[in-house]
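Chain by chain, the residues run as shown.
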Amino acid sequence: MSFTSVPILDLALAKDPQTKPQFLADLRHALMEVGFLYLKNVGIPAELWDQVISEGKAFFDIPKEEKLKIEMKNAPSFLGYSQLSAEITAGKLDHREQIDLSTEHPLPTPGAPFYANLLAPNQWPSTSVLPNFRRVYADYMNRMGAISLAFTRLVAEAIELPPDAFARYFDADQQHKLKIVKYPDVSELGLGDGIEGQGVGPHKDSMLSSYLLQASDHRGLQVQNMQGCWIDCPPVDGTLVVAIGQGMEALTRGVCASTTHRVLSPPAGAGARFSIPFFQGVRASTTFEELDEVGVGEVPEAVRRQRQKVLEANGGRLDDVEFTFRKGGVAKTLGEATLRNRVKSHPDVSERWYPEILQDIREQQAREAAAQKQEDSSNAAPAKGEGVDVSTQAQAVEAH
């Protein structure tokens, strides 16, 4: 039977030789059957965790003119502040306000690949309005980078690969990203009672793993099980929510599941939901051919059979979002694919910095829409989760 809740794992158990085998067994279950898990005792000091939440919420209270000084469209890096309803997922506007940050990198050198524009300094809010913000978030992102790399080693062990199986896909100074997100409730959005607002549309995360700090008590995050049902993933004190990305699923030949998820806007009168997801980065120069031909080595047959049994027991897998992490498209590297996804998600930024790429994507979307319309006119509509190419509408994105 498909999962009806998201499991909670204790990372402290992975550090004790006596309890590590059971932790790895539980992790394998989560990777194969859910694609999501809560992780507690991750190693972030409680004081820092509290500061991350308080500074993150405080960002949205600074004057609007201070936010606009660091607006995302000011730079080609897709780092910075996004006003409410400035991002698109699954072809619809997401009702959220946010700031995008990353582990710090200098500006790219002349002659670097176009996607190197994504590596850049952050646009930080002024210390005159948030004196501790930069210190707190630089510390948190650096710690989370180390935690994510250590967790990836545990993922490898859980599916009986060498601990360093994923190591080739990380740079020595790997860029990782983070968002601080505010989801207003539907009354603030002017949608009215009984209307379901889209905080983030259905999507899969794009790379290996992400780590969500749910910074308020609101529900809203939902994950889709193999039967196509939406399962709540409510806040649990002292935990991060870990999502497996499409890159992880691709590298493990489907053994680790990348699960579709979404965020619903809070109901009227509930106030805003706050969320702080951290996204583990990967080496941008990695080619899709390398992922396909080199990968992470061969997952043992017994482990692959176990995943197959999970699929068979559920009668296959219904999914609102197609798996799009594959070679054969316009992008040849992960960096190019990431850049195109960002262009697609942030047209306001792209119109200023990447008009040619944006035009190419819009032409591709028009061709696919026309082809789909023609197919729909000649065939019966396909069942949910079957056969529809939604690669340009429900893209892999970074949000929770």
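Thresholds applied
- Residues numbered from 1 in each chain as written.
- Predicted model: local features only at pLDDT ≥ 70, side-chain atom pairs only at ≥ 80, totals over all residues.
- Heavy atoms only, no water.
- pLDDT = per-residue confidence, 0-100.
- Contact = heavy atoms within 4.5 Å.
- Core = buried A, V, L, I, M, F, W, Y, C linked by side-chain atoms within 4.5 Å.
- Buried < 20%, exposed > 50% of the residue type's maximum accessible area, 1.4 Å probe, protein only.
- Helix = DSSP H or I, 4+ residues; strand = E, 2+ residues; numbered from the N terminus.
- 1 Å grid on protein atoms, 1.4 Å probe; cavity = no way out; pocket = protein on both sides within 12 Å on 5 of 7 lines; lining within 4 Å.
- Points joined across faces, edges and corners; volume = space filled by probe spheres on them.
- Expected span 1.5 Å × (residues − 1).
- Pairing = 2+ DSSP bridges.
- Axes fitted to C-alpha atoms, helices over the stretch in contact; angles between N-to-C directions.

What follows deals with the confidence of the model for the protein. Across the protein, pLDDT averages 89, with 89% of residues at or above 70. Confidence over residues 381-397 falls short of pLDDT 50; this stretch has 47 contacts with residues more than four positions distant or in other chains.

Membership of the largest hydrophobic core comes to 70 residues, with the highest contact counts inside it found for L27, Y137 and F166. If you tally residues by element for this core, the top one is helix α4 (residues 133-158), at twelve residues. Not counting residues within four places of it along the chain, the set of residues in contact with L27 comprises L9, L37, F151, L154, V155 and A158. Counting residues in hydrophobic clusters, the runner-up holds 16 residues, among them V34, V181, L212 and A243.

Estimates place the volume of the second largest pocket at around 530 Å³. Every residue lining the second largest pocket is counted, 32 residues in all, and those nearest its centre are L119, Q174, Q175, V282 and A284. The biggest single contributor to the lining of the second largest pocket is helix α8 (residues 334-345), with three residues.

So, on to α8. The end-to-end C-alpha separation of α8 is 16 Å, in line with the 16 Å expected for twelve residues at 1.5 Å each. Burial runs high along α8: eleven of the twelve residues are buried.

As a further point, take the pairing of strand β13 (residues 261-264). Alternating positions in β13 separate into two faces, H261 and V263 on one and R262 and L264 on the other, with burial throughout. Relative to β13, strand β8 (residues 198-203) runs antiparallel, the two sharing three bridges. If you follow H203 over to β13, its bridge partner there is H261. Here three bridges tie strand β10 (residues 221-224) to β13, and the two strands are oriented antiparallel to one another. Each residue of the ladder has a partner; that of L221, found in β13, is V263.

Quick look at the sheet that holds β8 now. Read across the sheet, four strands follow the order β8-β13-β10-β11 without closing on themselves; strand pairing throughout is antiparallel. At either margin of the open sheet sits one strand with a lone partner, and together these are β8 and β11 (230-232). Taking the axes of each pair of neighbouring strands and ignoring which way they run, one obtains an average angle of 25° across the sheet.

Overall, mixed pairing links the eight strands, which are arranged β1-β2-β12-β9-β14-β7-β6-β3 in an open sheet. At either end of the open sheet lies a strand with only one pairing partner, and these are β1 (8-10) and β3 (80-82). Here the average twist between neighbouring strands, direction ignored, is 25°. Pairing of strand β6 (residues 97-102) with strand β7 (residues 177-183) involves six bridges; the strand directions are antiparallel. Counted as the bridge partner of E97 is K182 from β7.

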